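Descriptive structure summary
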Amino acid sequence: MSSDKPFPITKSMVWKAYKLVERNGKAAGVDGQSMEDFANDLTNNLYKLWNRMASGSYFPPPVRRVEIPKASGGVRPLGIPTVADRVAQMVVKQFLEPELEPVFDPDSYGYRPGKSAHQAVEVARKRCWEYDWVVDLDIKAFFDSIDHELLMRAIRCHTQERWVLLYLERWLKAPVQLPDGTLQDRLSGTPQGGVISPLLANLFLHYAFDAWMRRSYPSIPFERYADDAICHCRTREQAEQLKVSLEKRFAQCGLRLHPEKTHVVYCKTSSRRDQHPHIQFTFLGFTFRPRKSKDRYGEVFTNFLPAVSQQALKRMRLKIKQMNLRKQAFLPLEVIARRLNPILRGWIQFYGRFYPSELRAKLFTYLNKRLCSWLREKHKPLRGRYLRSRQVLARIARQCPDLFIHWQRGGGIMVG
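Our subject in this report is the structure included herewith. What you see is a predicted model; the values in this text were computed from it and never measured. (Residues numbered from 1 in each chain as written. Predicted model: local features only at pLDDT ≥ 70, side-chain atom pairs only at ≥ 80, totals over all residues. Heavy atoms only, no water.)

What follows covers the overall build of the protein chain. In terms of helices and strands, the protein chain carries 14 helices and 11 strands. Expressed along its principal axes, the backbone C-alpha trace of the protein chain runs to roughly 75 × 60 × 40 Å. In the protein chain, once contacts between residues fewer than 6 apart in sequence are set aside, the share between residues at least 24 apart is 67%. Accessible surface, the protein chain: about 20,600 Å² in total, of which carbon and sulfur atoms supply 50%. Each charge class in the protein chain was averaged separately, 69 positive and 40 negative side chains, and the resulting centres sit 9 Å apart. (Helix = DSSP H or I, 4+ residues; strand = E, 2+ residues; numbered from the N terminus. Contact = heavy atoms within 4.5 Å. Areas by Shrake-Rupley, 256 points an atom, 1.4 Å probe, with all protein chains shown as cover. Lys, Arg positive; Asp, Glu negative; His and termini not counted. Charge placed at Lys NZ, Arg CZ, Asp CG, Glu CD.)

Shown next as structure tokens:
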């Protein structure tokens, strides 16, 4: 690094940041430059970025807004920074994250090294057996509502590095380019999709929620993954009182609980559950509710357990439907399997972790029906013969159980 640069940002820091960014999203920002385009002139692009960041002359370009449909309806706005801006954000994240990690709460699981959604779901499952009531929190438009002044105050508690504070303020103020091309000033929030956004969101909620809960309600455990949180209470009165207190607390921080999605939930399995309006909740793609289970002796009983949610199943079935397998009848089944297996493997690894029979019954059965449809389109003697196509698919599954990954897990003949 040249000694005449005012900020201690090295070329090595920028290079390491690029290697981390390279592994993830390839989408282009407002400049239309993809990751591949950036890599075509990598040395020059990284040098220019380092030179500007180290000299203090780097100003982030606008963030490109894209809208992703939500399973529950509506859209989720994402902000796509340029490739160079993602690298710049990673430089700051790599510096700031080690300062913040020791401060964060052990029950904060989102976007943290060594933490995962599965860990949060597992802890929530165990606590639902110990506590009768849950407050299921939903913060309305959280990423768009973060108060910049409060966030910068929290950041200054942990670093006084001028270049970190400078660039964080610039990122928070960078405008958003809407789908129609117009620019929108950002007075609050940090865009979902930015490299630095999850770390900033965790810091904001650490003070707005985690640390406040430890001070105000030390006996109430919780799990938080980014802006999704579950609180466990002993009684309904305690849960209702906590809900009211949280509404006031979040209002103090410029946030608002969603009035229709924040619930007090009864999470026991006795007949009393019919007396309560909410007896299930969804957390990180898993719906917790009373389900049939077996003890070590094979006896069936009802337990409060997580399984893949209906919203997640809807998204997965839609993905399969959009592949339009019938239109691919000209392909061998082996090619269909090669295209589907990487997708199925990801779904199974995530959603099959808890109560996998729900995934088999609701997703694998649907997929096998689509494969039957593929068979009927491919082989004329099977057209209009649904039962016969089921038998053929079952025979193929027995002969080639490793062809589709879901057949390896008991889904080979579950055609419905």
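There's more to say after this.
Attention shifts here to the sheet that holds strand S6 (residues 222-225). Working definition: the strands of a sheet are paired by backbone hydrogen bonds and lie parallel or antiparallel to each other. Read from one edge of the open sheet, four strands run S6-S7-S3-S8, paired in antiparallel fashion. Every interior strand has two partners, whereas the edge strands, S6 and strand S8 (263-266), have only one. Each adjacent strand pair in this sheet contributes to an overall mean axis angle of 20°, direction not counted. Sheet topology places strand S3 (residues 133-138) next to S8; four bridges connect them, and they run antiparallel. When the bridges of S8 are listed, Val 134 appears paired with Val 265. Helix H5 (residues 117-130) contacts S3, S6 and strand S7 (228-233) of the sheet and is inclined by roughly 160° relative to S6. In this fold helix H10 (residues 236-252) packs onto S3, S7 and S8, with an angle of close to 20° to the strand it touches most, S3. (Pairing = 2+ DSSP bridges. Axes fitted to C-alpha atoms, helices over the stretch in contact; angles between N-to-C directions.)

We now examine the sheet that holds strand S9 (residues 281-283). If you trace the three strands from one edge of the open sheet to the other, you get S9-S10-S11, paired in antiparallel fashion. Here the strands that pair on one side only, and so sit at the sheet edges, are S9 and strand S11 (300-308). The sheet shows a mean angle of 50° between the axes of neighbouring strands, direction not considered. Where H5 meets the sheet, it contacts S9, strand S10 (286-294) and S11, and its direction lies at approximately 150° from that of S11.

The tally for this structure, following the rule as stated, stands at zero disulfides. Its sulfur unpaired, Cys 157 is 13 Å from the next cysteine sulfur, which belongs to Cys 253. With a relative accessible area of 58%, Cys 157 lands in the exposed category. Free of any disulfide, Cys 233 has its nearest neighbouring cysteine sulfur in Cys 231, separated by 6.6 Å. (Disulfide = S-S within 2.5 Å. Buried < 20%, exposed > 50% of the residue type's maximum accessible area, 1.4 Å probe, protein only.)

Our next topic: helix H13 (residues 356-378). One turn of an α-helix holds 3.6 residues; hence residues three or four places apart share an orientation. Its 23 residues give H13 an end-to-end C-alpha distance of 31 Å, which sits within 8% of 33 Å, the value for a rise of 1.5 Å per residue. Roughly 30° is the biggest bend found in H13, and it falls at Phe 364. (Expected span 1.5 Å × (residues − 1). Bend = angle between axes of the 7 residues up to and from the residue.)

Below, the discussion takes up the pairing of S11. Bridge analysis of S10 against S11 gives nine bridges, and the strand direction is antiparallel. Paired with Thr 287 across the bridge in S11 is Ala 307. Here S10 folds back onto S11 in antiparallel fashion, the turn holding five residues, of which Gly 298 has a positive phi close to 85°.

Moving on, we come to the packing of aromatic side chains. A complete count under the given rule lists 21 aromatic pairs for this structure. Taken together, the ring pairs in this structure connect Phe 7, Tyr 58, Tyr 167 and Trp 171 into an aromatic cluster. Against the face of Tyr 355 rests Arg 291, its NZ or CZ located 5.4 Å from the ring centre. (Phe/Tyr/Trp six-rings, centres within 6.5 Å; stacked < 30°, edge-to-face > 60°. Lys NZ or Arg CZ within 6 Å of the ring centre and 35° of its normal.)

Turning our attention to the pattern of salt bridges. Using the criterion set out here, one finds 16 salt bridges in the structure. Here Glu 358 and Lys 362 are joined by a salt bridge, their closest N and O atoms 2.9 Å apart. Of this pair, Glu 358 and Lys 362 are both found in helix H13, four residues apart, which corresponds to roughly one turn of the helix. Residue class for Lys 362 comes out partly exposed when judged on its relative accessible area of 33%. Three or more residues are tied together by salt bridges with common partners; here these are Asp 105, Asp 107, Arg 127, Arg 214 and Glu 223. (Salt bridge = Lys/Arg side-chain N within 4 Å of Asp/Glu carboxyl O.)

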